[in-house]
Amino acid sequence: MKSPILLSLALGCGWLFSPEVLVIIGNSAGNLGWLAIPLLALTALLFSFNSNTINRVLQSDAHNSEISLLKKSIGKIPAGTLSIASCFPLLILAATALLVTSGYTFNEVFLYWFPNFGFAFLLLGLLTLLQFLPVEQIYRVQLLFVALAGFGIFVLGVYGTLTPAKPLATIFQTPAELSAGSLSSALLLLLFAGSNLFQGNRNHFSKVALLALLVFLPWIFASLAHVNPERLASSTIPFMTASRKIMGETGRQIMGTVVIMGSCAAFTGLSLLCRQKLSELSQEKMAPLFVEKGGQRWVFPLLIALSVGACMATGLAGDELLETLLRSALLLWLLYYCFVSFAAVFVIKKEQQTMAGTLYIAPVLLSAGLAAILFSSPHSVEMLQYVFALLIAGSCFAALLVFIQSQNKEQT
């Protein structure tokens, strides 16, 4: 794929159009009402502004990757720990949740006689085979996934906006009580966590959040125009509820396609992210060269497929524990992004000696949002435990990779 804009959108929007993000959007709209619209816009601008700061540093000769930036800021093992712990658990947990969601959606919307878990395993097999193709071919298929998912959301959003079922005064009515427990404004930060997957021409990276904003703004308005906020806030599948209200059975089918394509896009995007991190670890002499040359293409997809298959086979997908684990993994990715943001700001300060204090605003707000999400959750203790457990496991794996690499260097 030669177009850097299309490439950045294909990779960066993979997670943004996933069913998990649609749940966050729907619940946030229900809890916050029309206030979710400006808060979403502020969140997108926050990530775009922060992306520009990071890209400014990564385009320099001294820092050619996020791992390189972290390595020079906090050290080799901590950088490897954060990178590994934030990416690989997220891929496995997200894939488990999203593939099973796709299976249930295919069963309920398209073919009721087709086993839902059968479709989930079939999709896992097809997406794993996709990882063996040349990366240019994967990019093209990923662009198709993203385009179908984004277009479906956009069509439903525009149609629902043009055919509201409520008067404008009702739609823009401020909720009597904002849900402090859910802190939807902070949860919106998780929407864009993982949107910085593109590592090519980074000039186009900041456009990812703005494109998602254009897609989701009409969708939020359409949801509020057709569904009561209380129902959106309490539903586990608010996107299905809204699509059925907007366009009936046709809306359900469009959203069913969005769910399946969005799940494929999220799985593929996160897989490419993890493969990218493995290559960066190898380039930074923190992993054996085999990892970059063949391991990340031929071995890694099989290991992920076995892990996700085991999670689905053991029933984790139907357990409430998965939601807590997935939110913990998303928080770890947001934590990683906060560290990268602060590291970029410190590099700019060191190189320029003086720096506008506005560059600190984005990473500080991201950190505040992370803390708000964590400590407002009813499962905050469990999430903290899972985050620490993943960090410990990541540190052990990072130390092992560094040790193997050092042994190989001594032998050569």
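Everything below is about the structure printed above this text.
Our subject in this report is the structure included herewith. (Residues numbered from 1 in each chain as written. Predicted model: local features only at pLDDT ≥ 70, side-chain atom pairs only at ≥ 80, totals over all residues. Heavy atoms only, no water.)

## Description of the layout of surface pockets
Right, on to step 1. Its volume calculated, the largest pocket comes out at about 1300 Å³.
Right, on to step 2. Lining the largest pocket are 42 residues, and of these Glu-20, Val-23, Thr-236, Glu-323 and Arg-327 sit closest to its centre.
Right, on to step 3. Of all the secondary-structure elements, those providing two or more residues to the lining of the largest pocket are helix H2 (19-32), helix H5 (76-110), helix H9 (184-192), helix H11 (229-234), helix H12 (238-283), helix H14 (321-352) and helix H15 (361-376).
Right, on to step 4. With eight residues, H5 is the single largest residue contributor to the lining of the largest pocket.
Right, on to step 5. Residues belonging to the lining of the largest pocket are distributed by class as follows: 19 nonpolar, 15 polar and eight charged.
Right, on to step 6. Of the pockets and cavities examined, the second largest pocket occupies roughly 440 Å³.
Right, on to step 7. Lining of the second largest pocket is provided by 19 residues; of these, Phe-88, Leu-278, Phe-300, Leu-303 and Phe-397 occupy positions nearest its centre.
Right, on to step 8. Among the secondary structure elements, those contributing two or more residues to the lining of the second largest pocket are H5, helix H13 (289-313) and helix H16 (380-411).
Right, on to step 9. It is H13 that provides the largest number of residues to the lining of the second largest pocket, a total of eight residues. (1 Å grid on protein atoms, 1.4 Å probe; cavity = no way out; pocket = protein on both sides within 12 Å on 5 of 7 lines; lining within 4 Å. Points joined across faces, edges and corners; volume = space filled by probe spheres on them. Helix = DSSP H or I, 4+ residues; strand = E, 2+ residues; numbered from the N terminus. Nonpolar A, V, L, I, M, F, W, Y, C, P; charged D, E, K, R; others polar.)

## Here's the deal with the packing of helix H3 (residues 36-58) against H15
Right, on to step 1. Packing of H3 against H15 leaves a shortest axis separation of 9 Å and a crossing angle of 130°. One element, H3, and the other, H15, form an angle in the oblique class. Two packed elements cross with a definite hand, and for H3 against H15 that hand is left-handed. Packed against H3, whose contacting residues are Leu-46, Phe-47, Phe-49 and Asn-50, the element H15 presents Ala-362, Pro-363, Leu-365 and Leu-366 at the interface.
Right, on to step 2. Here the contact of H3 with H15 is built from residues that sort into seven nonpolar, one polar and no charged. (Axes fitted to C-alpha atoms, helices over the stretch in contact; angles between N-to-C directions. Parallel < 35°, antiparallel > 145°, perpendicular 65-115°, else oblique. Left-handed = near helix turned anticlockwise from the far one by under 90°. Contact = heavy atoms within 4.5 Å.)

## Considering the side chain of Ser-83
Right, on to step 1. Position of Ser-83 relative to the elements: it lies in helix H5.
Right, on to step 2. At a separation of 2.9 Å, a polar atom in the side chain of Ser-83 contacts the main-chain carbonyl oxygen of Ala-79. (Polar contact = N/O pair within 3.5 Å; in protein donor to acceptor, adjacent residues only side chain to side chain.)

## What to know about the nonpolar core
Right, on to step 1. Ranked by internal contacts, the top residues of the largest apolar core, which has 140 residues, are Phe-216 and Trp-219.
Right, on to step 2. If one sorts the elements of this core by residue count, H12 sits on top with 19 residues.
Right, on to step 3. When residues no more than four places from it in sequence are discounted, the contact partners of Trp-219 are Leu-22, Ile-25, Ile-153, Leu-156, Gly-157, Phe-239, Ala-242, Ser-243, Ile-246 and Met-255. (Core = buried A, V, L, I, M, F, W, Y, C linked by side-chain atoms within 4.5 Å. Buried < 20%, exposed > 50% of the residue type's maximum accessible area, 1.4 Å probe, protein only.)

## Some remarks on the environment of Ala-186
Right, on to step 1. Tracing the chain through its elements places Ala-186 in helix H9.
Right, on to step 2. When the C-alpha atoms of Ala-186 and Ile-77 are compared, they prove to be 30 Å apart, with 109 residues separating the residues in sequence.
Right, on to step 3. The contacts of Ala-186, once residues within four sequence positions are left out, are Gly-369, Ala-372 and Ile-373.

## Details of the environment of Gly-157
Right, on to step 1. Relative to the elements of secondary structure, Gly-157 occurs in helix H7 (residues 135-162).
Right, on to step 2. Other than its neighbours up to four places away in sequence, Gly-157 contacts Pro-218, Trp-219 and Ala-222.

## Some words on empty space enclosed by the protein
Which parts of space are left empty comes out when a probe the size of a water molecule is rolled across the atoms.
Right, on to step 1. The full count for this structure, using the stated rule, is two cavities of 30 Å³ or more.
Right, on to step 2. What the second largest cavity holds in volume is close to 40 Å³.
Right, on to step 3. Every residue lining the second largest cavity is listed: Thr-128, Gln-131, Phe-267, Ser-271, Phe-300, Pro-301 and Ile-304.
Right, on to step 4. Considering every element that reaches the lining of the second largest cavity, the biggest residue donor is H13, with three residues.
Right, on to step 5. Counted by class, the lining of the second largest cavity contains four nonpolar, three polar and no charged residues.

## Details of the pattern of salt bridges
Right, on to step 1. Enumeration over the complete set of coordinates arrives at six salt bridges.
Right, on to step 2. Where Arg-327 meets Glu-20, a salt bridge forms, and the shortest distance between an N and an O atom there is 3.2 Å. In this pair, Arg-327 is assigned in helix H14 and Glu-20 in helix H2, connecting sequence segments 307 residues apart. As far as the burial class goes, Arg-327 and Glu-20 line up, both buried.
Right, on to step 3. The partner of Lys-71 in a salt bridge is Glu-284, with the nearest N and O atoms 3.6 Å apart. With Lys-71 in helix H4 (residues 66-74) and Glu-284 in the loop between H12 and H13, this pair connects stretches of sequence that are 213 residues apart. (Salt bridge = Lys/Arg side-chain N within 4 Å of Asp/Glu carboxyl O.)

## Topic: the packing of aromatic side chains
Right, on to step 1. Summed over the entire model, instances satisfying the criterion amount to 16 aromatic pairs.
Right, on to step 2. Arranged with centres 5.7 Å apart and planes meeting at 70°, the rings of Phe-88 and Phe-300 form a pair that is edge-to-face. With a gap of 212 residues between them, Phe-88 in helix H5 and Phe-300 in helix H13 connect regions that are remote in the sequence.
Right, on to step 3. The buried category is assigned to Phe-88, whose relative accessible area is 12%.
Right, on to step 4. On the accessibility criterion, Phe-300 (9% relative accessible area) is buried. (Phe/Tyr/Trp six-rings, centres within 6.5 Å; stacked < 30°, edge-to-face > 60°.)

## Considering the environment of Thr-257
Right, on to step 1. Secondary-structure assignment places Thr-257 in helix H12.
Right, on to step 2. In this structure, the C-alpha to C-alpha distance between Thr-257 and Phe-346, residues 89 residues apart in sequence, is 44 Å.

## Details of the packing of H7 against helix H10 (residues 207-226)
The geometry of a pair of packed helices is captured by two quantities: the angle between their axes and the separation between those axes.
Right, on to step 1. Close contact between H7 and H10 brings their axes to 7 Å; oriented N to C, the two are set at 45°. In terms of orientation, H7 and H10 fall into the oblique class. Crossing of H7 over H10 shows left-handed handedness. Touching Gly-150, Ile-153, Phe-154, Leu-156, Gly-157, Val-158, Gly-160 and Thr-161 of H7 are Leu-214, Val-215, Phe-216, Pro-218, Trp-219, Phe-221, Ala-222, Ala-225 and His-226, all from H10.
Right, on to step 2. Its residues assigned to classes, the contact of H7 with H10 comprises twelve nonpolar, five polar and no charged.

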